[in-house]
Amino acid sequence: MINETALLESPTLRGSVLARTDVLDRVKALSLLPDGMHVTTAMVASYFDVGLEAIKSLVKDHRTELEASGYRLLTGEELRSFKNLSGIRSHTRSLALFPRRAVLNIAMLLRDSEVARQVRVYLLDTEYLARTQPVENPTPMDAASMDAASLDARIDQRITHVLGTTVVPMFNALIETSGEHRRELIALRAGVQRIEKRLRQHHTRLQRLESPRQNRPLAGVMAAMDAMNGREFEEHVAELLRRDGCTDVVVQGGGRDRGIDITALTADGRRIVVQCKRFAPHLSITSPEIQKFLGAAKVLHDSEVALFVATCPFTRDALNIAAESGITAVHRGLLEEWSAGAALPVLE
């Protein structure tokens, strides 16, 4: 049986499982370039939550193996041709491209990444099931049926958990109730209602994520946003707000926006302000930027919903300040999910 240590040490074992690129999507959404086939070094680093140098170092140490997995470095006429075909706007003189097989190969080499470790865990589990699961008299199932079965199993599991830990104790309390338990029962009922709402929201998100592939957006949604200029990105975010039922959506823009790029109203009438930052994926939003936005959102605009939308991650301090001050930090991963059809809970 293959174990993680053997996988990290053996090029032969890594090569034997390179076809199982589906495990990448089980851990995290992998954004692709507009060609729908490749990612850049920066996109690989963003996927694994590591710095650019970590990926470059792996390429340097394992270049032959990665080239066998499809990695290549484009220059000259080959690079110009790829830019024209893919629509990439870049002035670089060289461009490293990784297909999904090469990204999976990186996951089997990268030691200091929790995302890479999770990919290896899924990969090893998949391999174990493939080697040990009985195959006699299989029942044919199409992809949609398998998706539905997986979805139903997970929803049933969550409902069972809620029944066992919340609803049943509530009935036990009702059986023994007296006037002095009224306050506790009301609080318990409110808790059950909150959990029920979250289950329904989770159910909806799972259905979006596990619906048949043809009903899902084309790959490369983040790559498309990375290719936008600032104004195009603001218009894109404005369209997401309109899609989710917001009204009076106005893109401010210009030097007199007072720190706010978009204003709008939620479907239930709450005031929204939005700051949009189209940064490279290896950069981060820092706490001073959140603090500056906080002043504009809460003091100047008296907003009820404040969104800081960025094509890059947020630092830990920035996330903490956002959470403490009621700002919704829409980081790169959340932005990808939102653009692909998921709803932002704060807008519901």
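Attention here is on the structure that accompanies the text. Since this is a predicted model, take the numbers as computed values, not measurements.

1. Here we look at the overall build of the protein chain
Then comes step 1: A count of helices and strands for the protein chain gives 16 helices and eight strands.
Then comes step 2: Partitioning the intrachain contacts of the protein chain with sequence separation of at least 6 by distance along the chain shows that 63% fall at a separation of at least 24.
Then comes step 3: With an accessible surface of roughly 19800 Å², the protein chain has 53% of that area assigned to carbon and sulfur atoms.

2. Thoughts on the side chain of Ser303
Then comes step 1: Relative to the helices and strands, Ser303 is located in the loop between α14 (287-300) and β7 (305-310).
Then comes step 2: Every residue in contact with Ser303, bar those within four places of it in the chain, is listed here: Arg271, Val273, Ala297 and Lys298.

3. A few points about the sheet that holds strand β2 (residues 72-75)
Then comes step 1: Strand order in the open sheet made by the three strands is β1-β3-β2, with antiparallel pairing throughout. Bordering the open sheet on either side are β1 (38-39) and β2, each of which pairs with just one other strand.
Then comes step 2: Bridging between β2 and strand β3 (residues 94-99) involves four bridges; their strand directions are antiparallel. Note that in β3 the partner of Leu73 across the bridge is Ala96.
Then comes step 3: Each of β1 and β3 is contacted by helix α8 (residues 100-107), which is oriented at about 80° to β3, the strand it contacts most.

4. Here's the deal with the packing of aromatic side chains
Two numbers describe a pair of aromatic rings. These are the distance of the centres and the angle of the planes.
Then comes step 1: Counting across every chain of the model gives four aromatic pairs.
Then comes step 2: Judged by centre distance (5.7 Å) and plane angle (80°), the ring pair of Phe308 and Phe314 falls under edge-to-face. Across the pair, Phe314 and Phe308 agree in class, each one buried.
Then comes step 3: Taken together, Phe293, Phe308 and Phe314 form an aromatic cluster joined through their ring pairs.

5. Overview of the pairing of strand β5 (residues 262-265)
Walk down a regular strand and you will see the side chains alternate between the two sheet faces.
Then comes step 1: Relative to β5, strand β4 (residues 247-251) runs antiparallel, the two sharing three bridges. Bridge pairing links Val251 to Ile262 in β5.
Then comes step 2: In terms of strand pairing, β5 meets strand β6 (residues 271-277) through four bridges, oriented antiparallel. Pairing of Ile262 across the sheet is with Val274, part of β6.

6. Remarks on the sheet that holds β5
Then comes step 1: Spatially, five strands are ordered β4-β5-β6-β7-β8 in an open sheet, and the strand pairing comes out mixed. Of all strands in the sheet, those bounded by a partner on one side alone are β4 and β8 (327-330). With direction set aside, neighbouring strand axes in the sheet form an average angle of 15°.

7. Remarks on the pattern of salt bridges
Then comes step 1: Summed over the entire model, instances satisfying the criterion amount to 17 salt bridges.
Then comes step 2: The salt bridge involving Arg117 is made with Glu114; its shortest N-O contact spans 2.8 Å. Note that Arg117 and Glu114 are positioned in helix α9 (residues 114-132) at a spacing of three residues, about one turn of the helix.
Then comes step 3: Overall, Glu114 belongs to the partly exposed group, its relative accessible area being 45%.
Then comes step 4: With a shortest N-O distance of 3.2 Å, Asp302 and Arg271 are connected by a salt bridge. Of the two residues, Asp302 sits in the loop between α14 and β7 while Arg271 sits in strand β6, which places them 31 residues apart along the sequence.
Then comes step 5: In this structure Asp302 comes out as partly exposed when scored by relative accessible area, which is 46%.
Then comes step 6: By sharing partners, the salt bridges in this structure join Arg231, Glu234 and Glu235 into a single network.

8. Regarding the packing of helix α4 (residues 41-48) against helix α5 (residues 52-61)
Then comes step 1: Relative orientation of the contacting elements α4 and α5 amounts to 115°, with a least axis distance of 8 Å. For the element pair α4 / α5, the angle class is roughly perpendicular. You can see that α4 and α5 cross each other, and the crossing is right-handed. Note on element contacts: α5 touches α4 through Leu52, Ile55 and Lys56, opposite Thr41, Ala42, Val44 and Ala45.
Then comes step 2: Grouping the constituent residues of the contact of α4 with α5 by class yields five nonpolar, one polar and one charged.

9. A closer look at α4
Count 3.6 residues to each turn of an α-helix, and residues three or four apart come out pointing the same way.
Then comes step 1: Most of α4 is tucked away: eight of the eight residues are buried.
Then comes step 2: For α4, the full list of buried residues reads Thr41, Ala42, Met43, Val44, Ala45, Ser46, Tyr47 and Phe48.

10. Focus: the side chain of Ser287
Then comes step 1: Inspection of the secondary structure assignment puts Ser287 in helix α14.
Then comes step 2: By relative accessible area, which is 18% here, Ser287 ends up buried.

11. Quick look at the pairing of β3
Then comes step 1: The element β3 is extensively covered by neighbouring structure, given that five of its six residues are classed as buried.
Then comes step 2: Sheet analysis places β1 next to β3, joined by two bridges and oriented antiparallel. If you follow Val39 over to β3, its bridge partner there is Phe98.

What counts, and where the lines are drawn
Residues numbered from 1 in each chain as written. Predicted model: local features only at pLDDT ≥ 70, side-chain atom pairs only at ≥ 80, totals over all residues. Heavy atoms only, no water. Helix = DSSP H or I, 4+ residues; strand = E, 2+ residues; numbered from the N terminus. Contact = heavy atoms within 4.5 Å. Areas by Shrake-Rupley, 256 points an atom, 1.4 Å probe, with all protein chains shown as cover. Pairing = 2+ DSSP bridges. Axes fitted to C-alpha atoms, helices over the stretch in contact; angles between N-to-C directions. Phe/Tyr/Trp six-rings, centres within 6.5 Å; stacked < 30°, edge-to-face > 60°. Buried < 20%, exposed > 50% of the residue type's maximum accessible area, 1.4 Å probe, protein only. Salt bridge = Lys/Arg side-chain N within 4 Å of Asp/Glu carboxyl O. Parallel < 35°, antiparallel > 145°, perpendicular 65-115°, else oblique. Left-handed = near helix turned anticlockwise from the far one by under 90°. Nonpolar A, V, L, I, M, F, W, Y, C, P; charged D, E, K, R; others polar.

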